[in-house]
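Overview (structure and organization)
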Amino acid sequence: MTAGKTVRFLGAALALVLAGCVGGDQTGISWNPPGGWEESGTGVVDAFRMGRYEESLAKAQGFSEQGERVDRLRWQMEMISNLLLGCDAERAHRLMMSTREDIELLFDPDSERKAVSLWHGEQAKAFKGDGWERATLYALLALSCLDRGDWENAMRCAKNGLLSDSDSLTDAANADYALLPYLGYLAAQRAGADAEAKEFAAQYRNIIGEGIPQAAQAPDSLLLVWVGEGVTYKADGDYAQRRKVVEGAIEGRLESVGVTAGDGRTWYSLPAGIADLNAQARGRGPRQMDQVLQDKATTKAVLTNSGKGLLAVSAAMMVVGTSDLRLAVVLYPTAAATALLGGGVLLSGEAVVADADTRVWACLPGRLLVVPLRGAEGTVRVSGYMGWDEIYAEKLSLAAPRQNAIRVLHRSLLPERLAVHANWKRQVLDSVDELINAQKLPENENRMEIR
């Protein structure tokens, strides 16, 4: 093959390679910038973790309305957390209903195609959350239905949540979210659906290893204590193609919660594993998308290394050509074409995006502790335990329970307050009452009115 034909052949090959690069939407190549979504979402999460729910809600709503379309559902989930802890149960319920419908019906083929293409990262697809996040949404919606006395929809949410929790390729992690069958059991019991109640109770036993405690079988209220920080995802690997779960901290290693009424009656939380969100995220196992991302990373490595190799060969030919002018006539055109092709292959390798999706429903706890109550009203004391040691305490005021519903209250144990309590505990205060008084919480911090 003559030098002229060689140049034309390599030029045609280069044109095909460059056409592949140009064929992608160049504005979407960097879907996972340094820091990922955290750069824009830090304010939302930080405000949430400090208990500034109105501020976090406003920021999340702004991102939902003005941000990228593919991120809208994620910001709605962050809004739900802030509404529940900010005591706007009605608005939270409406938003959970619309988000659930969007998750079930939304399918954006364009964003799905982009996510698996060479020229876009996984973050190009519309966010719908992983199975454990969707299961958590259904659990929170089931709780909202119980609070409204809507037993049928509460059962449906429990079932749909268990289905969402069955997407793992790891068998042990499938449908292991014990809070869901427990809520389904309560709803079925209230609805008089005995067969379904037995089925939910059996599912709970299979997950926890023991049956639903007698004291938790017919509560009129549920206290949901949000403990610790939710998980985050980190991109790992040579080309950020692997997604790593970073577990959130469980402050003070809080393991259980007790609620004590003025007459001495005490109710304790169900086993901590009933809704351990850290474990739910960690135990998902490999995803089908992981292999797609690994294949893209392999393609990126091959193209990048091949491009560098061609450029090295071109440089070597140029060096040989300078030593013999007779060879230069043949080698220089070939070296130039090889350099052109090598540069094109290298550029195409750089354009491949294998980044894993690091978006996550971040305004969640590391663990939900569930305290079933019956007949609790007035001023009660909530105590947090590490083993048998009490490391947290606060006084709450509960309204009387309702007849045709299971009232649900969400409460967050803020890290800085738990840390202060733990410090006081190390100084060996004489009693929990003294600990509460020493903390001198503002009056609105003690407010806990359930309607």
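Residues numbered from 1 in each chain as written. Predicted model: local features only at pLDDT ≥ 70, side-chain atom pairs only at ≥ 80, totals over all residues. Heavy atoms only, no water.

1. Observations concerning the packing of helix H7 (residues 131-148) against helix H9 (residues 179-191)
- Interhelical geometry of H7 versus H9 gives an angle of 25 degrees and a closest axis separation of 10 Å. One element, H7, and the other, H9, form an angle in the roughly parallel class. Seen from above, H7 lies across H9 with left-handed handedness. Residues Ala135, Tyr138, Ala139, Ala142, Leu143 and Leu146 of H7 touch H9, and the partners they reach there are Leu179, Leu180, Leu183 and Ala187.
- Among the residues forming the contact of H7 with H9, the class breakdown is ten nonpolar, no polar and no charged. (Axes fitted to C-alpha atoms, helices over the stretch in contact; angles between N-to-C directions. Helix = DSSP H or I, 4+ residues; strand = E, 2+ residues; numbered from the N terminus. Parallel < 35°, antiparallel > 145°, perpendicular 65-115°, else oblique. Left-handed = near helix turned anticlockwise from the far one by under 90°. Contact = heavy atoms within 4.5 Å. Nonpolar A, V, L, I, M, F, W, Y, C, P; charged D, E, K, R; others polar.)

2. Structural notes on the pattern of salt bridges
- Evaluation of the coordinates by the stated rule reveals 16 salt bridges.
- Note that Arg411 is salt-bridged to Glu394, the shortest N-O span being 2.8 Å. Of this pair, Arg411 sits in strand S9 (residues 407-413) while Glu394 sits in strand S8 (residues 389-398); the two residues are 17 residues apart in sequence, bridging distant segments of the chain.
- Residue classification places Arg411 among the buried residues on the basis of a relative accessible area of 12%.
- Salt bridges sharing partners connect three or more residues here, namely Arg52, Glu55 and Lys59. (Salt bridge = Lys/Arg side-chain N within 4 Å of Asp/Glu carboxyl O. Buried < 20%, exposed > 50% of the residue type's maximum accessible area, 1.4 Å probe, protein only.)

3. With respect to the sheet that holds strand S5 (residues 266-268)
- The strand order across the open sheet formed by four strands is S5-S4-S7-S8, and the pairing between neighbours is antiparallel. Unpaired on one side and paired on the other, S5 and S8 mark the two borders of the sheet. In this sheet, neighbouring strand axes are inclined to one another by 20 degrees on average, regardless of whether the strands run parallel or antiparallel.
- Summarising the sheet, strand S4 (residues 256-260) and strand S7 (residues 378-386) pair through five bridges and their orientation is antiparallel. In the strand pairing of S7, Val257 is matched with Gly384. (Pairing = 2+ DSSP bridges.)

4. Brief notes about the sheet that holds strand S6 (residues 367-373)
- Within the open sheet, the three strands sit side by side as S6-S1-S9. Their pairing is mixed. Looking along the sheet, the strands with just one partner apiece sit at the ends: S6 and S9. Between one strand axis and the next, the sheet turns through 20 degrees on average, direction left out of account.
- Judged from the seven bridges that link them, strand S1 (residues 221-227) and S6 form a sheet pairing that is antiparallel. If you follow Val225 over to S6, its bridge partner there is Leu369.
- Along the sheet face, H9 touches S1 and S6 and points at about 25 degrees away from the line of S6.

5. Focus on the nonpolar core
- Membership of the largest hydrophobic core comes to 71 residues, with the highest contact counts inside it found for Leu179, Tyr182, Leu183, Leu222, Trp226 and Ile274.
- The greatest single-element share of this core, amounting to eleven residues, is contributed by H7.
- Ignoring sequence-local partners within four residues, the contact set of Ile274 consists of Tyr177, Ala178, Leu179, Tyr182, Tyr204, Ile208, Leu368 and Val370.
- Leu254, Trp267, Ala376 and Leu398 belong to the second-largest nonpolar core, a separate cluster that totals 20 residues. (Core = buried A, V, L, I, M, F, W, Y, C linked by side-chain atoms within 4.5 Å.)

6. As for the packing of H7 against helix H8 (residues 151-164)
- H8 packs onto H7 with a crossing angle of 170 degrees between their chain directions and a minimal axis gap of 8 Å. Accordingly, the angle class assigned to the pair H7 and H8 is roughly antiparallel. Each of Gly131, Arg134, Ala135, Tyr138, Leu141, Ala142, Cys145 and Leu146 in H7 lies in contact with H8, whose residues at this interface are Trp151, Asn153, Ala154, Cys157, Asn160, Gly161 and Ser164.
- Taken together, the residues that form the contact of H7 with H8 break down as nine nonpolar, five polar and one charged.

7. Things to note about the confidence of the model for the protein
- Confidence in the prediction of the protein, expressed as mean pLDDT, is 79, and 76% of residues score 70 or more.
- Element-level mean pLDDT values for the protein span from 43 in helix H1 (residues 3-23) up to 96 in H9. (pLDDT = per-residue confidence, 0-100.)

8. Looking at unusual backbone geometry
- The phi angle at Cys87 is positive, at roughly 65 degrees, despite the residue not being glycine.
- Within the fold, Cys87 resides in the loop between helix H4 (72-85) and helix H5 (89-105).
- For Cys87, a relative accessible area of 51% puts it in the exposed group.
- A positive phi is found at Ala240, a non-glycine position, where the angle reads about 60 degrees.
- Take Ala240: it is sitting in the loop between strand S2 (232-236) and strand S3 (242-246).

9. Some thoughts on the side chain of Glu390
- Relative to the assigned elements, Glu390 resides in strand S8.
- Here Glu390 occupies a buried position and makes no salt bridge, while the nearest side chain of opposite charge, Arg381, is found at 4.4 Å. (Lys, Arg positive; Asp, Glu negative; His and termini not counted.)

10. Regarding the pairing of S1
- Of all seven residues that make up S1, seven are buried, and the element is covered over most of its length.
- On S1, burial covers both faces: Ser221, Leu223, Val225 and Val227 on one face and Leu222, Leu224 and Trp226 on the other are all buried.
- The sheet contact formed by S1 and S9 spans seven bridges and is parallel. Residue pairing across strands places Trp226 opposite Ser412, the latter belonging to S9.

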